[in-house]
Amino acid sequence: MRALALLLVPFALTAAACGQEARPAGDPTAADLPEGAAQAIFASGCFWCTEADFEKLDGVVEAVSGYTGGHVDNPTYRQVTGGGTGHHEAVRVIYDPDAVGYAALLDHYWRNVDPFDGGGQFCDRGPSYAPAIFTLDEDQADAARASRDRVSARFDREIAVDIEPAGDFWPAEDYHQDYAEKNPLRYSRYRLGCRRDQRLREIWGDEALGANG
């Protein structure tokens, strides 16, 4: 899992970072938000990439990498990627609904995910990298299901992206946050080596990557 990325990160940094614990958070529906802001939670494989993809979208205030969908409190990166906690790598997107709506976030999400691969995403394999949309209320759930139906109809194929009610969201360790910005060369090599953008363009053509294309 993420073998290329681990090769690019110095051993000392990796060993120290894996020993850190995620910052506790809990129920995202009870989280404090900036006045007028809303939130959404998406998983599309490596959260470094999901975070970077959403932070380029106009109207997004912040994107936070983390873990959700599992049964272990305050999980670490090592626990999650090692399996057994049930968590996905995911991103909590805080956005201004006056500038970008949830429907636009969904459109952006689909064009940054391989919707046919439920066993992981791109070069990252295993349940922690499986794609999913975690909904915070019935309106989001209805919108997410409708968007998935449209994608399924477009390709005339079954879609492997799960839609689940959001549970506890645990922000990932500090070294994962804003990884693309803090480590641009390592991030670019990882993303290129994972063939993420190449696969997205195979699926979506000129629409690939949404606002980032």
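Residues numbered from 1 in each chain as written. Predicted model: local features only at pLDDT ≥ 70, side-chain atom pairs only at ≥ 80, totals over all residues. Heavy atoms only, no water.

1. Points about the UniProt feature "active site" (unreviewed entry) in the chain
Following the UniProt record, one finds the feature "active site" (unreviewed entry) at Cys46. Residue cysteine 46 is classed as buried on the basis of its relative accessible area of 0%. (UniProt positions renumbered as here; feature names shortened; annotations may be inferred. Buried < 20%, exposed > 50% of the residue type's maximum accessible area, 1.4 Å probe, protein only.)

2. Observations concerning the sheet that holds strand 8 (residues 169-171)
Ordered in space as 7-6-1-3-2-8, the 6 strands form an open sheet in which the pairing is mixed. The strands lining the two open edges of the sheet, one partner per strand, are strand 7 (162-165) and strand 8. The average angle at which neighbouring strand axes cross in this sheet is 35 degrees, direction not considered. Direction of pairing for strand 6 (residues 132-135) relative to strand 7: parallel, over a ladder of 4 bridges. In the sheet register, isoleucine 133 faces strand 7, and the bridge partner there is isoleucine 163. In this fold helix 3 (residues 47-55) packs onto strand 1 (38-43), strand 2 (60-68) and strand 3 (88-95), with an angle of close to 165 degrees to the strand it touches most, strand 2. Taken strand by strand, helix 5 (residues 102-110) contacts strand 1, strand 2, strand 3 and strand 6, and its axis lies near 20 degrees from that of strand 1. (Pairing = 2+ DSSP bridges. Helix = DSSP H or I, 4+ residues; strand = E, 2+ residues; numbered from the N terminus. Axes fitted to C-alpha atoms, helices over the stretch in contact; angles between N-to-C directions. Contact = heavy atoms within 4.5 Å.)

3. Brief notes about the packing of helix 5 against helix 6 (residues 138-155)
Between helix 5 and helix 6, the shortest axis-to-axis distance is 10 Å and the interhelical angle comes to 40 degrees. Classed by the angle they form, the pair helix 5 and helix 6 counts as oblique. The two elements helix 5 and helix 6 meet at a crossing, and its hand is right-handed. Of helix 6, the residues touching helix 5 (which contributes Tyr102, Leu106 and Trp110) are Gln140, Ala143, Ala144, Ser147, Arg148 and Val151. Across the contact of helix 5 with helix 6, the residue classes break down as 6 nonpolar, 2 polar and 1 charged. (Parallel < 35°, antiparallel > 145°, perpendicular 65-115°, else oblique. Left-handed = near helix turned anticlockwise from the far one by under 90°. Nonpolar A, V, L, I, M, F, W, Y, C, P; charged D, E, K, R; others polar.)

4. Description of the packing of helix 3 against helix 8 (residues 184-193)
The N-to-C vectors of helix 3 and helix 8 enclose an angle of 105 degrees; their axes lie 11 Å apart at closest approach. What the angle tells us is that helix 3 and helix 8 run roughly perpendicular. Counted together, Trp48, Cys49, Ala52 and Asp53 of helix 3 and Tyr187, Tyr190 and Arg191 of helix 8 form the full contact between these two elements. Tallied by class, residues from the contact of helix 3 with helix 8 come to 5 nonpolar, no polar and 2 charged.

5. Remarks on the packing of aromatic side chains
The description of an aromatic ring pair uses the distance of the two centres, along with the angle that the planes make with each other. In this structure the tally under the stated criterion is 9 aromatic pairs. An angle of 80 degrees between the planes, with centres 5.5 Å apart, marks the rings of tryptophan 48 and tyrosine 190 as edge-to-face. Of this pair, tryptophan 48 sits in helix 3 while tyrosine 190 sits in helix 8; the two residues are 142 residues apart in sequence, bridging distant segments of the chain. Accessibility classification places tryptophan 48 together with tyrosine 190 in one group, the buried group. Ring centres of phenylalanine 116 and phenylalanine 155 lie 5.3 Å apart, and the angle between their planes is 85 degrees; this geometry places the pair in the edge-to-face category. Taken together, the residues phenylalanine 116 in the loop between helix 5 and strand 4 (120-121) and phenylalanine 155 in helix 6 connect sequence positions 39 residues apart. The buried category is assigned to phenylalanine 116, whose relative accessible area is 17%. In this structure, arginine 157 is placed above the aromatic ring of phenylalanine 116, and the distance from its NZ or CZ to the ring centre is 3.8 Å. (Phe/Tyr/Trp six-rings, centres within 6.5 Å; stacked < 30°, edge-to-face > 60°. Lys NZ or Arg CZ within 6 Å of the ring centre and 35° of its normal.)

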